[in-house]
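The primary structure of each chain is shown beneath.
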Amino acid sequence: NAGVTQTPKFRILKIGQSMTLQCTQDMNHNYMYWYRQDPGMGLKLIYYSVGAGITDKGEVPNGYNVSRSTTEDFPLRLELAAPSQTSVYFCASSSPGLGYYGYTFGSGTRLTVV
Amino acid sequence: EDKVVQSPLSLVVHEGDTVTLNCSYEVTNFRSLLWYKQEKKAPTFLFMLTSSGIEKKSGRLSSILDKKELFSILNITATQTGDSAVYLCAGNYGGSQGNLIFGKGTKLSVKP
């Protein structure tokens, strides 16, 4: 009963490096999301997906890319990391088709770009 | 522009006090309003509200939605130190994507 699993939990990147944040869910949820949370701020939507092969931009997509090849996985790619991408990243999933819009969140990835 | 505004941004109370957290929203094609509790890590779900005037309760926590005035409140009675957390309010907006727009949160600190 893992829910939403994110890896890694912590990462330090140098400016200009790239990395992929992994997200896997085992609840067969169609909808998956990536949010970032900066200190003292709410969560801002980066990208979302309503099913395998379908992704769309959220509020703050610049500097990120996603893919959704399976229902379970929704990796977030950072290309050319910048200090402005220092944040805590949360992956979440939901199943609106059941009439429930609450999210199940992963435990987060704390990323520092130096 | 869609937005969710929470107040106060932070609050310090003593154990046993009752607190009220506020959330106002302007959300296109509003479907529901959700409350989450965030401690050290990921937010955990508290309530989802879709209808005006119907209170939802879970133990010492309760919440209600006013769709006419576009706000919701979260009440916590007989607060305990374990209630210390950031409480996030989120509006579900637009179509069928189930996307949420979050407020900045209210940081509640409960002192012994």
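Here goes a summary of the coordinates provided. Please read these numbers as outputs of a predicted model, since none were measured by experiment. (Residues numbered from 1 in each chain as written. Chains lettered and ligands numbered in written order. Predicted model: local features only at pLDDT ≥ 70, side-chain atom pairs only at ≥ 80, totals over all residues. Heavy atoms only, no water.)

1. Quick word on the interface of chain A and chain B
Then comes step 1: Every contact between the two is made by 21 residues of chain A and, on the other side, 21 residues of chain B.
Then comes step 2: For the interface between chain A and chain B, the tally reads zero salt bridges.
Then comes step 3: The tally of links between chain A and chain B comes to four residue pairs in polar contact (both at pLDDT 80 or more).
Then comes step 4: Listed by contribution, the elements that provide at least two residues to the side of chain A that touches chain B are strand E4 (31-37), strand E5 (43-51) and strand E10 (100-105) of chain A.
Then comes step 5: The element best represented in the side of chain A that touches chain B is E10(A), accounting for five residues.
Then comes step 6: Grouping the constituent residues of the side of chain A that touches chain B by class yields 14 nonpolar, seven polar and no charged. (Contact = heavy atoms within 4.5 Å. Salt bridge = Lys/Arg side-chain N within 4 Å of Asp/Glu carboxyl O. Polar contact = N/O pair within 3.5 Å; in protein donor to acceptor, adjacent residues only side chain to side chain. Helix = DSSP H or I, 4+ residues; strand = E, 2+ residues; numbered from the N terminus. Nonpolar A, V, L, I, M, F, W, Y, C, P; charged D, E, K, R; others polar.)

2. Some remarks on the sheet that holds strand E1 (residues 4-7) of chain A
Residue and element names in this part refer to chain A.
Then comes step 1: With respect to topology, four strands assemble into an open sheet ordered E1-E3-E8-E7, the strand pairing being antiparallel. Whereas interior strands pair on both sides, the edge strands pair on one side only; in this sheet they are E1 and strand E7 (64-66). Averaged over all adjacent pairs, the angle separating strand axes in this sheet is 20°, with direction ignored.
Then comes step 2: Where strand E3 (residues 19-25) meets strand E8 (residues 76-78), three bridges bridge the pair, whose relative direction is antiparallel. (Pairing = 2+ DSSP bridges. Axes fitted to C-alpha atoms, helices over the stretch in contact; angles between N-to-C directions.)

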